[in-house]
Amino acid sequence: MVGPPAAAAVFLVLTLEPGGEAAARETLGEVEALTRSIGFGHPEGRLTCVSGVGARAWEPLYGSPRPAALRPFRELAGPRHRAPATPGDLLFHIRAQRPDLCFALAAEIVRRLGDAARVQDEVQAFAYFDSRNLLGFVDGTENPVGDTAADTALVGDEDPAFHGGSYAVVQKYLHDVDAWEKLAVEEQERVIGRTKLTNLELDDAPGSHADVNTLTAPDGSELRVLRGAMPFGRPGHGEFGTYFIAYARDPGVPDEMLRRMFLGTTETGPDPLLDFSRAVTGTAFFVPSAGFLRANSA
Ligand code: HEM
């Protein structure tokens, strides 16, 4: 999860079927080995998979203890925009430099789960030009890197049983590209808070998407998440989307970003990006370490 942007991804969100616990636990425990097997002959493909478990499924799968901050995604209903909560017990976030490797791993995971889980959402996403989203802006620039990324995303000593895990929040967004393209480039830049071609931060863009999502802790440090959003779409079906995923050591950070985006802040209204982007799913997961999944697969 903590690595450079990938060229392709598959996002799989499933719900657990009654009686499917043993098969799901077994599959979750096997994902690391499956990823290694499929990726081994293609090291340049850098195949990875992150597996997550939702709040409702934690108890039936792994009992106690449970990750201290694991909660279901909470719907947000703002003055103009809604972030719905949708079903999701299992998450597989598969990334690689090649779509075929992502596809092969996704297909194998779904095959092994069989009747134990039902696919609620399956999206094949791709890198678009120089890491742009379908609104034409470079996405992911201010992501933390290296040690800061690990420190942003990975649980530490605050929850020793789940050391090295992470919290993930996932939302599928659909864009109104026609309305977006009616804006002048300067107006689009004020919505995002960066320049479009050169990807430079605007000095003064209060209330922009970047501004709304810049959070400061009481000690003055910046509160961050590790984002892995990627575009997807279906020409001819009116589907132009961003599959949003953020990892955090403390899920309170992305929760607060979402509150600011959908409900607005004391200084600004809701995020103007939402006038052109509709959230159609919302799920939250804990991503246990690979060691935890292996040790608890029986
Ligand atoms: C429609 C979905 C979204 C799109 C198209 C989008 C796009 C962008 C773009 C283009 C940037 C500026 C470049 C960058 O640093 O990546 C950005 C920044 C950012 N976005 Fe989003 N975003 C979306 C949803 C979200 C959501 C749901 C959150 C939080 C839960 C979020 C959090 C952030 C953060 C923290 C930044 C960096 C702000 C900064 O430090 O300058 N974004 N996003």
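Residues numbered from 1 in each chain as written. Predicted model: local features only at pLDDT ≥ 70, side-chain atom pairs only at ≥ 80, totals over all residues. Heavy atoms only, no water.

Is there a simple way to explain the overall build of the protein chain in this structure?
Across its full length, the protein chain holds 9 helices and 14 strands. Its C-alpha radius of gyration of 19 Å places the protein chain within 12% of the 19 Å reference for a compact globule of 298 residues. Principal-axis analysis of the C-alpha atoms gives the protein chain an extent of 55 × 45 × 35 Å. Looking at the protein chain as a whole, 50% of its 298 residues are labelled buried. By sequence separation, contacts in the protein chain at least 24 residues apart represent 77% of the contacts at least 6 residues apart. (Helix = DSSP H or I, 4+ residues; strand = E, 2+ residues; numbered from the N terminus. Rg over C-alpha atoms; globule rule 2.2 N^0.38 Å. Buried < 20%, exposed > 50% of the residue type's maximum accessible area, 1.4 Å probe, protein only. Contact = heavy atoms within 4.5 Å.)

Honestly, the packing of aromatic side chains in this entry has me stumped. Any pointers?
Aromatic ring pairs are described here by two measures, namely the spacing of the ring centres and the angle between the planes. Under the counting rule described, the total for this entry stands at 14 aromatic pairs. For the ring pair W58 and F162, a centre distance of 5.5 Å and an interplane angle of 75° mean the geometry is edge-to-face. Within this pair, whereas W58 is found in helix α2 (residues 55–62), its partner F162 is found in the loop between α4 (146–153) and β7 (166–175), the two being separated by 104 residues in sequence. You'll find W58 and F162 in the same group, each marked buried. In textbook terms, an aromatic cluster arises when at least three aromatic residues are bridged by ring pairs, as seen for W58, Y62, F162, Y167, F286 and F292. (Phe/Tyr/Trp six-rings, centres within 6.5 Å; stacked < 30°, edge-to-face > 60°.)

Would you take a moment to explain the nonpolar core for this structure?
Nonpolar side chains in soluble globular proteins tend to end up buried together. Judged by nonpolar contacts, the single largest core of 36 residues is most densely connected at L61, L90, F92, I94 and I109. At the level of secondary structure, the elements contributing two or more residues to this core comprise β1 (8–16), α1 (21–39), β2 (48–53), α2, β5 (90–96), α3 (99–113) and α9 (290–295). It is α3 that contributes the most residues to this core, 6 residues altogether. In this structure, L90 is in contact with L12, V13, L14, A24, L28, G52, V53, L61, L113, A117 and F285, ignoring residues within four places of it in sequence. (Core = buried A, V, L, I, M, F, W, Y, C linked by side-chain atoms within 4.5 Å.)

How do you make sense of the environment of A179 when you look at a structure like this?
Tracing the sequence through the fold places A179 in helix α5 (residues 177–181). For A179, a relative accessible area of 26% puts it in the partly exposed group. For the pair A179 and D275, spaced 96 residues apart in the sequence, the C-alpha separation amounts to 9.0 Å.

Which parts of the structure should I look at to understand the state of the cysteines?
Disulfide: a covalent bond formed between the sulfur atoms of two cysteine residues. Tallied over the entire structure, the rule returns 0 disulfides. We note that C49 lacks a disulfide partner, and the nearest cysteine sulfur, in C102, lies 9.3 Å from it. Residue class for C49 comes out buried when judged on its relative accessible area of 19%. (Disulfide = S-S within 2.5 Å.)

Sorry, what's going on with the side chain of R25 here?
Note on placement: R25 falls in helix α1. Within the buried set, R25 has no salt-bridge partner at all; the shortest N-O distance to an opposite charge, 6.6 Å, is to E21. Setting aside residues no more than four positions away along its own chain, R25 makes contact with P60, L61, Y62, N296, S297 and A298. (Lys, Arg positive; Asp, Glu negative; His and termini not counted. Salt bridge = Lys/Arg side-chain N within 4 Å of Asp/Glu carboxyl O.)

Could you clarify how one ought to interpret the packing of α1 against α3 in this entry?
Packed helix pairs are specified by the crossing angle of their axes together with the interaxial distance, meaning the distance between the axes. One way to put it is that α1 packs onto α3 with a least axis distance of 10 Å and a crossing angle of 155°. In terms of their interaxial angle, α1 and α3 are classed as roughly antiparallel. Handedness of the α1/α3 crossing: right-handed. Side by side, α1 and α3 meet where A23, A24, T27, E30, V31, L34, T35 and I38 of the first sit next to L101, A104, L105, E108, I109, R112 and L113 of the second. In terms of residue class, the contact of α1 with α3 is built from 10 nonpolar, 2 polar and 3 charged. (Axes fitted to C-alpha atoms, helices over the stretch in contact; angles between N-to-C directions. Parallel < 35°, antiparallel > 145°, perpendicular 65-115°, else oblique. Left-handed = near helix turned anticlockwise from the far one by under 90°. Nonpolar A, V, L, I, M, F, W, Y, C, P; charged D, E, K, R; others polar.)

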